[in-house]
Amino acid sequence: MENYNGWLIVNSYYHPAKFTSLYKMLQEAAEKANLRLSKWTSEQRPTIIGSLAREPRPDFVLYWDKDVFLARALELSGLRLFNSGKAIQLADDKAETALTLAEKGIPIVDTIPAPTCFPGCRRNPATAVQAAKILGWPLVIKENKGSFGAQVYLARDEKEAEKILMHIGEHDCIFQRFIQESAGKDIRVTVVGGKAICAMERHSASKQEFRSNIGAGGTATAHSLTPLEERLAVDAANALGLDFAGVDILMGKDENERYICEVNSNPQLQSTFDSCGINPATNIMWHIRSQLKNPAIVE
Ligand SMILES: Nc1ncnc2c1ncn2[C@@H]1O[C@H](COP(=O)(O)OP(=O)(O)O)[C@@H](O)[C@H]1O
Ligand SMILES: [Mg+2]
């Protein structure tokens, strides 16, 4: 089996224990697939935009960061990234994701982008009231960029919306319809190489908590995907050009009503492994191998 050399690029500043074990999981899976994967932080890989790096170059980069400018600079120098910079950029911004999926006719939760707020300006809570006239109360408000449910909020009325908007300040954010039937639960589908490899149903830590993120205390059990869920997850990952993804799906009034909530380019893998007994890191490594042998552009 041919040997390939790869870089695992990770964030320079964010080092909680769960990421250390995630990187270990990826490196162990790489070794088993005969891929050499050396870990670097983004600050260890400064790259001049548009110029070929002079140092030894890897066969691939497993890019586990949201630093899309370094990602794209590395791609400009000729490297193949998993996931690509463009795909990470689309997935990491919830408004970009909604626009891209809607353009392809993939059902997403009704989303209204909030007006851009420049530094030093003050957000107007009337924008939330206006959104709620269309989407109803309670209203979900999300920062475009965020993870682990930490930048996702629920406003029951104008007063709560104002508090949330003042907290968000100049960061970009969106308003979303609250999917009542999915309160406290969702489906996380792991997609690798255009295939849904497994899924889990996640439940929030308490009845009062509508966010089902494991990082926010949620729990998970294996879930058997319906054909609709499988198709939506794969279509969403493909629409964003992701080699691998964690796709969050919300449940509507019956099993024919499913909405894409958001798509993760750098999903946590441990909870999927624990609940489904499948290690997505292994699938990721075999996908990388297959792409290096037979390069194809992920649509
Ligand atoms: N529109 C919504 N209606 C109901 N629940 C939602 C909605 N949006 C998000 N949630 C819940 O909040 C969680 C976090 O939202 P998500 O958009 O996935 O943000 P994050 O990137 O932080 O995971 C989801 O997994 C889901 O449980
Ligand atoms: Mg999520």
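Not measured: the values here are computed from a predicted model. (Residues numbered from 1 in each chain as written. Chains lettered and ligands numbered in written order. Predicted model: local features only at pLDDT ≥ 70, side-chain atom pairs only at ≥ 80, totals over all residues. Heavy atoms only, no water.)

(A) Broad picture of the nonpolar core. Counting 29 residues, the largest nonpolar core has Leu-26, Phe-60, Leu-62, Trp-64, Met-285 and Ile-288 as the members making the most contacts within it. Those elements that place two or more of their residues in this core are strand 1 (4–10), helix 1 (17–32), strand 2 (35–41), strand 3 (60–64), strand 10 (195–203) and helix 9 (280–293). It is helix 1 that contributes the most residues to this core, 7 residues altogether. Each of domain 1 (4–85) and domain 2 (90–108 + 182–290) gives at least three residues to this core. For Ile-288, the contacting residues outside a window of four places in its chain are Leu-35, Phe-60, Leu-62 and Phe-82. Judged by nonpolar contacts, the second largest core, of 26 residues, contains Leu-90, Ile-108, Val-247 and Ile-260. (Core = buried A, V, L, I, M, F, W, Y, C linked by side-chain atoms within 4.5 Å. Buried < 20%, exposed > 50% of the residue type's maximum accessible area, 1.4 Å probe, protein only. Helix = DSSP H or I, 4+ residues; strand = E, 2+ residues; numbered from the N terminus. Domains from an automatic or database assignment. Contact = heavy atoms within 4.5 Å.)

(B) Quick peek at the packing of aromatic side chains. Throughout the structure, instances matching the rule amount to 6 aromatic pairs. Arranged with centres 6.4 Å apart and planes meeting at 80°, the rings of Phe-19 and Phe-148 form a pair that is edge-to-face. You can see Phe-19 sitting in helix 1 and its partner Phe-148 sitting in the loop between strand 6 (139–143) and strand 7 (152–155), a full 129 residues away along the chain. You can call Phe-19 buried: its relative accessible area is 10%. These aromatic residues form a ring-pair network of at least three members: Tyr-14, Phe-19, Tyr-23 and Phe-148. Over the ring of Phe-148 we find Lys-18, and its NZ or CZ is 3.8 Å from the ring centre. It is Arg-80 that lies over the ring of Phe-82; its NZ or CZ is 3.9 Å from the centre. (Phe/Tyr/Trp six-rings, centres within 6.5 Å; stacked < 30°, edge-to-face > 60°. Lys NZ or Arg CZ within 6 Å of the ring centre and 35° of its normal.)

(C) Looking closely at the state of the cysteines. Summed over the entire model, instances satisfying the criterion amount to 0 disulfides. In this structure Cys-198 is not part of a disulfide, and its nearest cysteine sulfur, from Cys-276, lies 4.0 Å away. Cysteine Cys-261 shares no disulfide, and the gap to the nearest cysteine sulfur, in Cys-173, comes to 16 Å. (Disulfide = S-S within 2.5 Å.)

(D) Spatial organisation of the coordination of the magnesium ion (ligand 2). Only Asp-248 (OD) and Glu-262 (OE) from the protein coordinate the magnesium ion (ligand 2), and they sit 2.0 to 2.1 Å from it. Placement of the pair is Asp-248 in strand 12 (residues 244–251) and Glu-262 in strand 13 (residues 258–264), with a sequence separation of 14 residues. The class of Asp-248 is buried, set by a relative accessible area of 3%. (Donors = N, O, S within 2.8 Å, 3.2 Å for Na, K, Ca; no water.)

(E) Region of the structure containing the site of ligand 1. Around ligand 1, the surrounding shell holds 23 residues, and the nearest of these are Lys-94, Lys-142, Gly-149, Asp-186 and Ser-212. One of the side-chain N or O atoms of Lys-142 is found 2.7 Å from an oxygen atom in ligand 1. Within the backbone of Gly-146, an N or O atom sits 3.2 Å from an oxygen atom of ligand 1. The set of elements that each furnish at least two residues to the shell around ligand 1 consists of strand 6, strand 8 (173–177), strand 12 and strand 13. Of the residues in the shell around ligand 1, the class split is 9 nonpolar, 6 polar and 8 charged. (Near = heavy atom within 4 Å. Polar contact = N/O pair within 3.5 Å; in protein donor to acceptor, adjacent residues only side chain to side chain. Nonpolar A, V, L, I, M, F, W, Y, C, P; charged D, E, K, R; others polar.)

(F) Looking closely at the domain arrangement of the protein. Here the domain parsing of the protein yields domain 1 (4–85), domain 2 (90–108 + 182–290) and domain 3 (111–178). For domain 2 and domain 3, the distance between their C-alpha centres works out to 23 Å. Counting residues at the interface gives 13 residues for domain 2 and 15 residues for domain 3. Roughly 1,200 Å² of surface becomes buried between domain 2 and domain 3 when both sides are summed, with 60% attributable to carbon and sulfur atoms. Across the contact surface, domain 2 and domain 3 share 0 salt bridges. Seen at the junction of domain 2 and domain 3, the total is 5 residue pairs in polar contact (both at pLDDT 80 or more). Grouping the amino acids of the side of domain 2 that touches domain 3 by side-chain chemistry returns 7 nonpolar, 2 polar and 4 charged. (Buried area = accessible area lost by both parts, 1.4 Å probe. Salt bridge = Lys/Arg side-chain N within 4 Å of Asp/Glu carboxyl O.)

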